[in-house]
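Examination of the molecular architecture
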Amino acid sequence: MQKEPTMIDPVGTYRDRYDWFVRATAALATAVESIVADAGLDVDAVEARTKSVESAAGKFARLKPDGSLEFTDPLTEVTDLVGVRVITYLTSDIERVAEALSSRFELLKTIDKSSLAQETGVFGYAGKHLILTPGGDRVPPGCEDVVGLGFEVQIRTVLQHAWAEIEHDIRFKNSRTQGSPVIDRAFTLAAGLIELADQQFELADRHHKEKIAELRAADAARGMDLELTAEKLRSIVTDLLPEYASSRPTHYEWLLTLVTANGITTGAELEDALDPSRVPFVVGAMDYQHRPGHVRLVDDLLLDRFGEAHIVRTATLTTERDRLGKLRYRLTKLQAHQE
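I will try to describe carefully the structure that is included in this document. Model, not experiment: these values are computed from the prediction.

Definitions and cut-offs
- Residues numbered from 1 in each chain as written.
- Predicted model: local features only at pLDDT ≥ 70, side-chain atom pairs only at ≥ 80, totals over all residues.
- Heavy atoms only, no water.
- Buried < 20%, exposed > 50% of the residue type's maximum accessible area, 1.4 Å probe, protein only.
- Helix = DSSP H or I, 4+ residues; strand = E, 2+ residues; numbered from the N terminus.
- Contact = heavy atoms within 4.5 Å.
- Expected span 1.5 Å × (residues − 1).
- Phe/Tyr/Trp six-rings, centres within 6.5 Å; stacked < 30°, edge-to-face > 60°.
- Arc of directions from axis to C-beta.
- Axes fitted to C-alpha atoms, helices over the stretch in contact; angles between N-to-C directions.
- Parallel < 35°, antiparallel > 145°, perpendicular 65-115°, else oblique.
- Core = buried A, V, L, I, M, F, W, Y, C linked by side-chain atoms within 4.5 Å.
- Polar contact = N/O pair within 3.5 Å; in protein donor to acceptor, adjacent residues only side chain to side chain.
- Pairing = 2+ DSSP bridges.

The next thing to look at is unusual backbone geometry. Although it is not a glycine, Asp 287 sits at a positive phi angle of roughly 50°. Classification of Asp 287 by relative accessible area gives exposed; the value is 61%. For Asp 322, which is not a glycine, the phi torsion comes out positive at approximately 55°.

Tracing the chain through its elements places Lys 59 in helix 3 (residues 53-60). You can call Lys 59 buried: its relative accessible area is 16%. The contact partners of Lys 59, leaving out residues within four places of it in the chain, are Lys 51, Phe 71, Val 78 and Asp 80.

We now examine helix 13 (residues 294-306). When the terminal C-alpha atoms of helix 13 are compared, their 18 Å separation across 13 residues agrees well with the 18 Å that a helix rising 1.5 Å per residue should span. Where helix 13 is concerned, the buried positions are His 294, Val 295, Leu 297, Val 298, Asp 299, Asp 300, Leu 301, Leu 302 and Leu 303. On its buried face, helix 13 sits against helix 9 (230-240), helix 10 (251-261), helix 12 (279-286), helix 14 (308-314) and helix 15 (323-338). Downstream of helix 13 by a residue or two, Gly 307 has a phi angle that is positive, lying close to 60°.

Before going further, it helps to examine the packing of aromatic side chains. Per the counting criterion, the structure on display carries six aromatic pairs. Taking the centre distance of 6.2 Å and the plane angle of 75° together, the rings of Tyr 14 and Phe 60 count as edge-to-face. Of the two residues, Tyr 14 sits in helix 1 (residues 10-16) while Phe 60 sits in helix 3, which places them 46 residues apart along the sequence. Classification of Tyr 14 as buried rests on a relative accessible area of 0%. Between Trp 20 and Phe 21 the ring centres are 5.0 Å apart and the planes differ by 90°, which places this aromatic pair in the edge-to-face class. When sorted by exposure, Trp 20 lands in the same class as Phe 21, which is buried.

Taken together, the buried positions of helix 12 are occupied by Val 279, Phe 281, Val 282, Ala 285 and Met 286. Projected down its long axis, helix 12 shows its buried positions confined to an angular sector of 160°, all on one face. Asp 287 sits one or two positions beyond helix 12 and adopts a positive phi of about 50°.

This part takes up the packing of helix 12 against helix 13. Remark: helix 12 packs on helix 13, axes separated minimally by 10 Å, with the N-to-C direction vectors making an angle of 100°. As far as their axial angle goes, helix 13 and helix 12 are roughly perpendicular. Along the contact surface, helix 12 presents Val 279, Phe 281, Val 282, Val 283 and Met 286, while helix 13 presents Arg 296, Leu 297, Asp 300, Leu 301, Leu 303 and Asp 304.

Counting 37 residues, the largest nonpolar core has Leu 101, Phe 105 and Phe 151 as its most contacted members. Among the elements of the structure, helix 1, helix 2 (18-38), helix 3, strand 2 (82-88), helix 5 (92-102), strand 4 (128-133) and strand 5 (151-157) are those that each provide at least two residues to this core. At nine residues, the largest contribution of residues to this core is made by helix 2. Within the second largest apolar cluster, 35 residues are counted, among which are Ala 230, Leu 233, Leu 255 and Ala 315.

Structurally, Gln 160 is set in helix 7 (residues 158-172). Using a relative accessible area of 8% as the deciding quantity, one classes Gln 160 as buried. Within the structure, Gln 160 has its side chain in polar contact with the backbone nitrogen of Thr 157 (distance 3.0 Å).

This next bit is on the sheet that holds strand 4. Taken in spatial order, the five strands make up an open sheet running 1-2-5-4-3, and their pairing is mixed. One side of each edge strand has no neighbouring strand; the edge strands of this open sheet are strand 1 (43-50) and strand 3 (106-112). Taking each pair of neighbouring strands and ignoring which way they run, the sheet shows an average axis angle of 20°. Pairing of strand 2 with strand 5, which is carried by six bridges, proceeds in the parallel orientation. Residue Ile 87 lies in a different strand from strand 5, and its bridge partner there is Arg 156.

Structure, rendered in structure tokens:
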């Protein structure tokens, strides 16, 4: 978007072009969502809004201390007419999102609310705001028609988002309660607790990733990361279900087909899928006439784990008479027993 000259009636111009700004918002939000996904970042939500004409009019009319207008060319200088918000689960993802977006858009300005709060020694709103624009060699697909338009991206965690939304509703939508010591204290305490909670989520996530790395290393040492074979499957099932009889050796080839149909290709994945603690439930639900062997029990454990998906994936993998009907009947028994 080319820079426009100073206008006599910027509010009227914004009103006339409002539909264009709405379309620009949709294009930029789609680009942001795509960039975040391409970066492999798991976020709670990507939201967007176009500033209303009434809100824009209020901002356009802001005055400096000397009484002059703060913005002489508001449609260019006001960079939050289009706003996008990315809500993350972890504080560490805020920086990752910022880096991903800055690599695909031109970065005009960064406002780190978290750092500002720490520097001033207070608790309050946290998060990071970026002012971005599609321009130069950084124009994401779908943004060709909005080149040069500055827009704001707010990046915050789920907890920070909840705090900010509630504070905005209570503190700023009703001026009569502004300055209340009780309300101010409540929000300060909540902000401190939220910062602490975000830190603990980071700690839990880091510990979880470290444990997963340890488990994967242990799996590799045991050969559990290698591709499953019928013999390996038999060994794992025997270790997991020692109280149940082995099936015929040739039957494990068939069982391997059922297992891999569910996307399970390594020993580690098989251990994750077969939960021995579910065996009493499955046995109780099926009420077997005879004690089941490995193949039948694992088939039912997979049915318990994946439900209808197991039926879809495996019903046609055998010449067994009416396997589809049998699986559906067995699933109803599992569901009835759950109730």
